[in-house]
Amino acid sequence: MFPHYSAQNLLFAELLHKLVYIKDAPYILFPLLFLTLFWLISKKIFKKNLVYIPVLIFLVSPWMWYLAFAYSFYIFLFSLVLPIVYGVILLRSGDKAFGNIFVVLGSFIAMYSSSLFFIFIPISITIMVISKVVSLKQFKTSIVLLFILVLPLLFLIVKNNSAFKSNFVYEVQIFSDPGLLNSINRYQGAATEAGFKNLARISENKYIFYAEYFLGKYASQMVPETLFTPQYKLLGFSFNPPILLGFLIPFGYGLYKLLQNPKARRILLISTLLVIPSVLAKDLVSLNRLILFCPVVIIVISYGLIQFYENRKNNTARIFLILTLILVIFQLIVVLADIKVRETQRFDAYFGKNYELIEP
Amino acid sequence: MNKKTLLLIITISLITLLGGFLRFYKITVNPPSLTGDEISFGYSAYSVLKTGRDEYGKFLPLVFKSVGDYKNPLPAYLMIPSIKLFGLTDFAVRFPNALIGTISIPVFFIFLLDIFKKKKVAVLGSLMLSVSAWHIFYSRFAYETLTASLFVLLGIWFFIKMLDGKLIWAFLSAFFFTLTMYTAFAPRLFIPIFLVCALIINLPKLKKDWRKAGVFISTCLILGLPMLYITLFQGAGTRLQMVLISNDIEFSRYVLLKYFNSIGDLPLLFFFWAKRYLSYFDPSFIFFNGLDATIPSSIGLGMLYVFEIPFFIAGIVAFIKNKIPHKSLFVIWGLAGILPDSLTNNLKHTGRLLHLFPVLILLSALGAIELYNLFTKIGKTYLKMIVASVSSLIVLAVLIHAFLIVSTDFPRDKGESFDEGWREAVQYVKANQDKYKEIVFDPARGVSAPNMISNPFLYVLFYMKYDPHIYQTEEKVTSMPSYESYYKFGKYVFRHIDWQQDKSEIGVLFVGSPWSLPEKDLEPGELIKKIYLTSGDAAFFIVSPK
């Protein structure tokens with residue numbers, strides 16, 4: 001539809017001084033892959049007769065479709081994160097063989113594709129083990145296999161450190177904005193002028209500001225405006241939300257219910273690790289990268305929706321269920337009509353009529 | 001009185017004193033100048049005090065026309081005793097709001113104690129309010145929504161008391177709710193929505209004693225009727241029409257791709273509004289820079305301090321999992337409280353959300369207590385010491401940053417927004433006006449561009465202590481060919497200055513920004529005085545042709 005992203009070279013190719021872009025992959029097949037994986041994950045979480053709910057929510061969310069049609073690099077990584085998540089669930093349920101296959105395969109390809117994931121995956125595994133989401137015993141085989149498979153990559157990185165660095169800098173741009181440093185200088189200058197130099201050194205230094213900035217970015221990834229409204233525009237121009245607004249109602253209820261359960265609270269907390277790639281982006285929120293967090297949101301929505309459905313004899317639950325369905329159907333119609341009528345004009349308004357894809 | 005009660009009274013008195021100090025200290029120099037609204041309220045109050053009429057000659061008005069924006073009446077009336085006491089000064093204008101901001105602290109304490117019956121929540125909540133940058137900021141200048149926030153708090157508190165108590169609470173609740181409507185625009189939409197939801201939810205309780213609902217609704221209607229009348233027939237609704245979200249530039253330019261003009265555009269407007277509504281939950285807005293007290297996009301101040309992020313999150317979790325009295329009312333309060341501002345085409349504004357302070361600070365206090373309870377469970381002493389030291393250092397660093405922003409960055413970055421410079425300009429004119437036959441003020445000003453943002457005639461009226469009798473009755477010239485905007489009373493003229501033409505006007509004093517009085521075009525001796533902003537940029541030149 002709007003293929004305006006310049007592709008990103010895969011990490012191993014960069015290290016070998018080759019050019020391999022994932023944009024040449026059959027992107028149209030990705031949605032089918034996601035839906036299958038999502039169905040598999042849902043089967044492990046929800047009752048059999050309700051498995052279609054998360055799949056359906058995923059299907060009607062503009063997020064995946066927009067990014068898939070624009071050949072986003074993170075759609076490719078998303079197709080690797082889903083098997084990892086599925087693998088972890090399998091490992092937790094005792095299915096060691098398939099669990100290890102999914103975890104190792106997903107992690108291996110992801111680490112070879114992105115320098116960020118080369119670091120992100122080991123950290124995530126460590127945190128999952130420490131927080132006892134998966135025990136070290138359950139993860140042992142995956143870790144050993146992964147270590148062996150990643151050895152050649154390690155060797156390449158050591159040999160070609162500068163290429164790794166350049167790939168890493170390309171992916172981690174959180175502190176690349178000079179605005180933050182400028183504002184620190186400005187604050188310190190004003191304080192010094194007013195005779196508060198030492199106070200400024202304590203409270204207005206780059207360590208504190210960077211920490212606050214990181215914290216703010218982290219929180220911004222998970223708020224309703226980011227996930228359910230076009231506050232951050234899909235592909236930089238769209239007015240359609242990543243996930244339809246109507247789903248906010250079951251999301252809120254699902255979250256409310258899950259937060260009451262200590263075990264669910266812990267898993268939800270750990271799952272926020274998936275927002276880190278977006279936190280490390282240059283923009284405050286990168287919807288391209290945040291798609292990795294999408295399954296968590298959809299599972300919470302599904303949980304809320306299932307709660308409504310199961311308690312449908314209760315008036316309040318029924319009202320919320322009906323309200324959700326009305327809003328979702330209404331917005332779906334609006335979204336489809338809007339894509340047909342205005343999205344091209346909007347694209348032109350943001351990027352100009354003569355915008356051309358710049359091939360790297 | 002037992003020892004514990006005495007200790008509690010001493011504690012809350014000290015907290016209130018601290019809050020009062022933070023609200024009153026150097027109140028006339030920070031914010032650096034009275035805003036257009038403050039000046040307008042101040043002179044209207046002075047005019048009513050001296051003549052019983054506003055500057056347009058209207059007797060005890062229920063809406064102040066001001067500069068055509070039809071201001072709410074209560075802020076001006078509340079200033080009257082203060083102006084009587086302290087004279088027509090900057091302090092007199094700011095005194096009522098600072099006092100209300102200070103009074104809010106013990107009121108909030110009693111509210112929390114009464115509803116939650118927990119001293120910890122009440123003391124911590126009032127302490128957080130006392131040092132809240134958000135509340136302090138808006139207490140330090142005449143900002144009507146702050147006054148309204150106290151009335152909202154009292155209205156909701158008495159509403160809760162009405163549900164289980166005597167009939168008098170129904171009257172008091174209705175009284176304060178209605179008073180809110182005469183004080184600020186933001187709560188006008190919030191109050192009806194809150195009340196409809198609250199009455200529906202509490203219908204079973206109200207059914208037991210219909211008299212309460214009767215007294216409540218009839219008091220609201222009787223006291224609210226004049227407001228309804230002035231909204232519909234005396235122009236107070238004008239402001240609402242001007243600021244509706246359908247006129248939003250982003251909406252017409254980038255979403256609808258045309259101006260809003262038909263019912264078919266409503267679906268997109270609805271989703272645009274939803275986006276705006278949810279944007280109020282943006283952490284950057286709540287914790288980092290919502291207060292807009294310094295340069296945009298930097299780490300400044302929000303409605304809550306950055307160190308309150310964990311408190312706030314823990315507070316939400318505690319609110320969800322614990323039994324909270326009247327939980328549903330707090331939820332409605334929080335969610336409906338955002339509605340008025342979200343329906344406007346203005347930028348998000350923490351000032352218009354002040355009626356939410358009890359909800360936000362309550363969540364923060366609940367979270368702090370929750371985290372403290374977790375802290376006490378830490379077994380190892382060294383670990384406890386580390387957590388306590390690190391937390392204290394973070395709190396200290398954030399508070400120092402807040403102090404620096406308010407004391408140094410805010411006056412420097414926002415002087416122009418607060419119309420800094422007019423006071424000094426008018427005071428100079430007042431001292432020297434006898435030497436000139438006419439004094440011309442240019443209403444356009446600004447460092448980066450000349451914007452028509454000021455109402456200089458109000459500054460002249462205020463700082464000259466211009467006799468309201470004379471102003472109401474004397475002849476004024478409101479237009480003049482060849483001038484886009486023109487206003488004249490006495491020897492004061494307010495119009496655009498064109499120096500190429502005006503430099504021949506001998507005996508006239510000109511007050512304008514460097515845009516209308518370029519220094520390079522002035523002859524030696526013509527520039528009499530330069531007035532600067534705190535930032536060091538020139539605000540005004542005072543010039544007389546030679």
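Model, not experiment: these values are computed from the prediction. (Residues numbered from 1 in each chain as written. Chains lettered and ligands numbered in written order. Predicted model: local features only at pLDDT ≥ 70, side-chain atom pairs only at ≥ 80, totals over all residues. Heavy atoms only, no water.)

Some thoughts on the overall build of chain A
In terms of regular secondary structure, chain A is built from 20 helices and zero strands. The C-alpha radius of gyration of chain A comes to 22 Å, within 12% of the 21 Å expected for a compact globule of 360 residues. For chain A, the proportion of its 360 residues judged to be buried stands at 52%. Counting contacts in chain A only where the partners sit at least 6 residues apart, residues at least 24 apart contribute 74% of the total. With the model as given, the accessible surface of chain A reaches about 16800 Å², and the carbon-plus-sulfur share is 68%. Computed over 32 positive and 16 negative side-chain charges, the separation of the two mean positions in chain A equals 14 Å. (Helix = DSSP H or I, 4+ residues; strand = E, 2+ residues; numbered from the N terminus. Rg over C-alpha atoms; globule rule 2.2 N^0.38 Å. Buried < 20%, exposed > 50% of the residue type's maximum accessible area, 1.4 Å probe, protein only. Contact = heavy atoms within 4.5 Å. Areas by Shrake-Rupley, 256 points an atom, 1.4 Å probe, with all protein chains shown as cover. Lys, Arg positive; Asp, Glu negative; His and termini not counted. Charge placed at Lys NZ, Arg CZ, Asp CG, Glu CD.)

Overview of the confidence of the model for chain B
Residues of chain B with pLDDT of at least 70 account for 98%, and the chain-wide mean is 92. Both confidence scores are given for the complex: pTM 0.89, ipTM 0.87. (pLDDT = per-residue confidence, 0-100.)

A word on helix α9 (residues 187-201) of chain B
Residue and element names in this part refer to chain B. Here α9 contains 15 residues, and its C-alpha end-to-end distance of 20 Å stays within 8% of the 21 Å for a straight helix at 1.5 Å per residue. All buried positions along α9 are accounted for by P187, R188, F190, I191, F194, L195, A198 and L199. Along the axis of α9, the buried residues cluster in a sector spanning 150°; they form a single face. Buried residues along α9 sit in contact with α7 (144-164), α8 (167-181), α10 (203-208), α11 (210-233), α17 (327-336) and α18 (339-342). (Expected span 1.5 Å × (residues − 1). Arc of directions from axis to C-beta.)

Some points on a positive patch on the surface
Residues and elements named next belong to chain A. On the surface, a cluster of positive charge is made up of R92, K132, K263 and R266. Following the sequence through the fold, K263 ends up in helix α15 (residues 262-271). A residue is classified by how much of its surface remains accessible, and K263, at 48% relative accessible area, is partly exposed. (Patch = residues over 30% accessible without salt bridge, like charges linked within 9 Å, V, L, I, M, F, W, Y side chains within 5 Å. Salt bridge = Lys/Arg side-chain N within 4 Å of Asp/Glu carboxyl O.)

A look at the pattern of salt bridges
For the coordinates displayed, the defined rule picks out 28 salt bridges over all chains. Salt-bridge contacts for B:K205 lead to B:D164; the nearest nitrogen and oxygen are separated by 3.5 Å. Here B:K205 is found in helix α10, whereas its partner B:D164 is found in helix α7, with 41 residues between them in sequence. The partly exposed category is assigned to B:K205, whose relative accessible area is 34%. Taken together, the shared-partner salt bridges in this structure form one network comprising A:R186, B:D409, B:R412 and B:D413.

Brief notes about the sheet that holds strand β8 (residues 538-543) of chain B
The strands that make up a sheet are held in pairs by hydrogen bonds between backbone atoms, and each pair lies either parallel or antiparallel. All names here are of chain B. The six strands are arranged β4-β5-β1-β6-β8-β7 in an open sheet whose pairing can be described as mixed. The two strands at the open ends of the sheet, each matched to only one other strand, are β4 (486-489) and β7 (527-532). Looking at each pair of strands side by side, their axes are set apart by 15° on average, direction ignored. Looking at chain direction, strand β6 (residues 508-512) and β8 are connected through three bridges and run antiparallel. Considered in β8, the bridge of V511 is made with I542. (Pairing = 2+ DSSP bridges. Axes fitted to C-alpha atoms, helices over the stretch in contact; angles between N-to-C directions.)

Observations regarding the confidence of the model for chain A
Summary statistics for chain A give a mean pLDDT of 88 and a share of 94% for residues scoring 70 or more. Per-residue pLDDT, averaged within each element of chain A, yields its smallest value for helix α1 (residues 11-15) of chain A (82) and its largest for helix α13 (residues 224-228) of chain A (95).

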